[in-house]
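Here is what each chain is made of, one letter per residue.
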Amino acid sequence: MGKVKRTGIRPGVLVLLAVSLGLLVAGSTAAAAPTAVVGSGPGFQAPTGIAVEASGDLVVTDNALDAVLRVDPVTGDRTIVSDAGTGAGPAFGFPRAIAVEASGDLVVTDPALDAVVRVDPVTGDRVIVSEGLPEEACCFPDGTCAELDAVDCIAQGGVPGGAGSVCLGMQACCDPGGYCYMADASCCLDNGDTPQGPGTVCIPNLCGAPPTPPPTPPPAVGGVTEVLIDSSGSPASAAEGPGSSAPPYAAIAGSLAAAALAVAAGAWYARRLWLR
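Let me begin by describing the structure that accompanies this report. In this text the structure is predicted, and so the values were computed from the model without any measurement. (Residues numbered from 1 in each chain as written. Predicted model: local features only at pLDDT ≥ 70, side-chain atom pairs only at ≥ 80, totals over all residues. Heavy atoms only, no water.)

To continue, consider the overall build of the protein. A tally of regular secondary structure across the protein gives 3 helices and 19 strands. Each of the 276 residues in the protein was classed as buried or not, and the buried ones make up 22%. Within the protein, contacts between residues separated by at least 24 positions form 33% of all contacts whose residues are at least 6 apart in sequence. (Helix = DSSP H or I, 4+ residues; strand = E, 2+ residues; numbered from the N terminus. Buried < 20%, exposed > 50% of the residue type's maximum accessible area, 1.4 Å probe, protein only. Contact = heavy atoms within 4.5 Å.)

Laid out in structure tokens, this is it:
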């Protein structure tokens, strides 16, 4: 690092001499004078790439202005070559590097567009030379959404929403059956359901009462349906209650079955004794 020498000239003024660089920098305790502006025209905000045209003019990309500017190398004057208001075609999203083709056309890389854009140096018209797959809404099984190209979406287990689709944000979503679930609105619509609006969450009866499940049928007894006959000779329900005058055929049948089993067991036992 070069040595710095201090020389006193008069009170309030300090002169620093950078010996190794041969630079003389003067400073004062008074407010510094404003920096001179070089050239006229729209000021740079974030100049990024630069190239030289055959005429000697400079062309510069500015990713804050989303524009290409031409700079007079002598005067420093600046003019817009191409931006959202100058020239037709897809607007820049983040113009970065720039080069000049043999034809004089300008080519600009734009990572926001995932594209290389050709710019007419006279009209400012923009044409895509080459680009990757566009991003679109990608819906995942848990209802979330991300904007990816279709290949990345499928690779990550999602379902592409189609060209031009975008994620719209998580919210309550009602299906035709009255059930509610949380999902991105874009994914909700893709499912054929109805999003309830930004900021909504599932609460009881938001989508209407869910359908009542069908009643569970009573278990069958032995696979046999019991039918009782009342005194009029018409079938009656087996569950008419204790006041029913229907004969207890089920009880009689059960008693007869028990008696038959007892007789069979006794006969078997007697046979064993006789064979002895």
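Right, let's get into the pairing of strand β9 (residues 106–110). The buried fraction of β9 amounts to 4 of the 5 residues, a majority that puts the element mostly inside the structure. When strand β8 (residues 98–100) meets β9, the two strands line up antiparallel, connected through 3 bridges. Among the inter-strand pairings, Val-100 is bridged to a residue of β9, identified as Leu-106. Where β8 folds back onto β9 in an antiparallel hairpin, the turn is made up of 5 residues, including Gly-104, whose phi is positive at roughly 100°. The pairing of β9 with strand β10 (residues 115–119) spans 5 bridges and is classified as antiparallel. Among the inter-strand pairings, Thr-109 is bridged to a residue of β10, identified as Val-116. (Pairing = 2+ DSSP bridges.)

Time to look at unusual backbone geometry. At Asp-66, a residue that is not glycine, the phi angle is positive and equals roughly 50°. The topology assignment puts Asp-66 in the loop between β5 (58–62) and β6 (67–71). Residue Asp-114 is not a glycine yet carries a positive backbone phi of 50°. Mapped onto the fold, Asp-114 is located in the loop between β9 and β10.

Here we come to the pattern of salt bridges. Oppositely charged side chains can form a pair if their charged atoms are brought close together. Per the stated rule, a full pass over the model turns up 2 salt bridges. The residue Glu-53 makes a salt bridge to Arg-70 at a minimum N-O spacing of 2.7 Å. Taken together, the residues span a long stretch of sequence, with Glu-53 in the loop between β4 (47–52) and β5 and Arg-70 in strand β6 at a distance of 17 residues. Neither residue differs from the other here; Glu-53 and Arg-70 are each classed as buried. Between Arg-118 and Glu-101 there is a salt bridge, with its nearest N and O atoms 2.8 Å apart. Highlighted residues: Arg-118 in strand β10 and Glu-101 in the loop between β8 and β9, separated in sequence by 17 residues. Under the relative-accessibility criterion, Arg-118 is labelled partly exposed at 30%. (Salt bridge = Lys/Arg side-chain N within 4 Å of Asp/Glu carboxyl O.)

This paragraph deals with the packing of aromatic side chains. Scanning the entire structure with this criterion turns up 0 aromatic pairs. One cation-aromatic arrangement involves Arg-126 over Phe-92; the distance from NZ or CZ to the ring centre is 5.8 Å. (Phe/Tyr/Trp six-rings, centres within 6.5 Å; stacked < 30°, edge-to-face > 60°. Lys NZ or Arg CZ within 6 Å of the ring centre and 35° of its normal.)

Once that is clear, we can look at the pairing of strand β7 (residues 78–82). Pairing of β6 with β7, which is carried by 4 bridges, proceeds in the antiparallel orientation. The residue of β7 that forms the bridge with Arg-70 is Thr-79. Taken together, β6 and the strand that follows it, β7, pair antiparallel across an intervening segment of 6 residues, in which Gly-76 is found at a positive phi of about 80°.

This next bit is on the side chain of Glu-136. Locating Glu-136 in the fold gives a position in strand β12 (residues 135–139). Notably, Glu-136 is buried but unbridged: the nearest opposite-charge side chain belongs to Arg-126, and the N-O separation is 22 Å. Here the side chain of Glu-136 touches Gly-162 through a polar contact of 2.8 Å, landing on its backbone nitrogen. With residues up to four places along the chain from it excluded, the contact list for Glu-136 reads Ala-146, Glu-147, Leu-148, Ala-150, Pro-160, Gly-161, Gly-162, Ala-163 and Ser-165. (Lys, Arg positive; Asp, Glu negative; His and termini not counted. Polar contact = N/O pair within 3.5 Å; in protein donor to acceptor, adjacent residues only side chain to side chain.)

Counted by the stated rule, this structure contains 6 disulfides. What pairs with Cys-139 in a disulfide is Cys-187, and their sulfur atoms sit 2.0 Å apart. Here Cys-139 and Cys-187 share a disulfide; its torsion about the S-S bond, -95°, makes the bridge left-handed. Of this pair, Cys-139 sits in strand β12 while Cys-187 sits in helix α2 (residues 185–190), placing them 48 residues apart in sequence. The same class applies to Cys-139 as to Cys-187, namely buried. What pairs with Cys-173 in a disulfide is Cys-188, and their sulfur atoms sit 1.8 Å apart. Linking Cys-173 and Cys-188, the disulfide has an S-S dihedral of approximately 80° and is accordingly described as right-handed. (Disulfide = S-S within 2.5 Å.)

On their own, these measurements won't tell you what the molecule is for.
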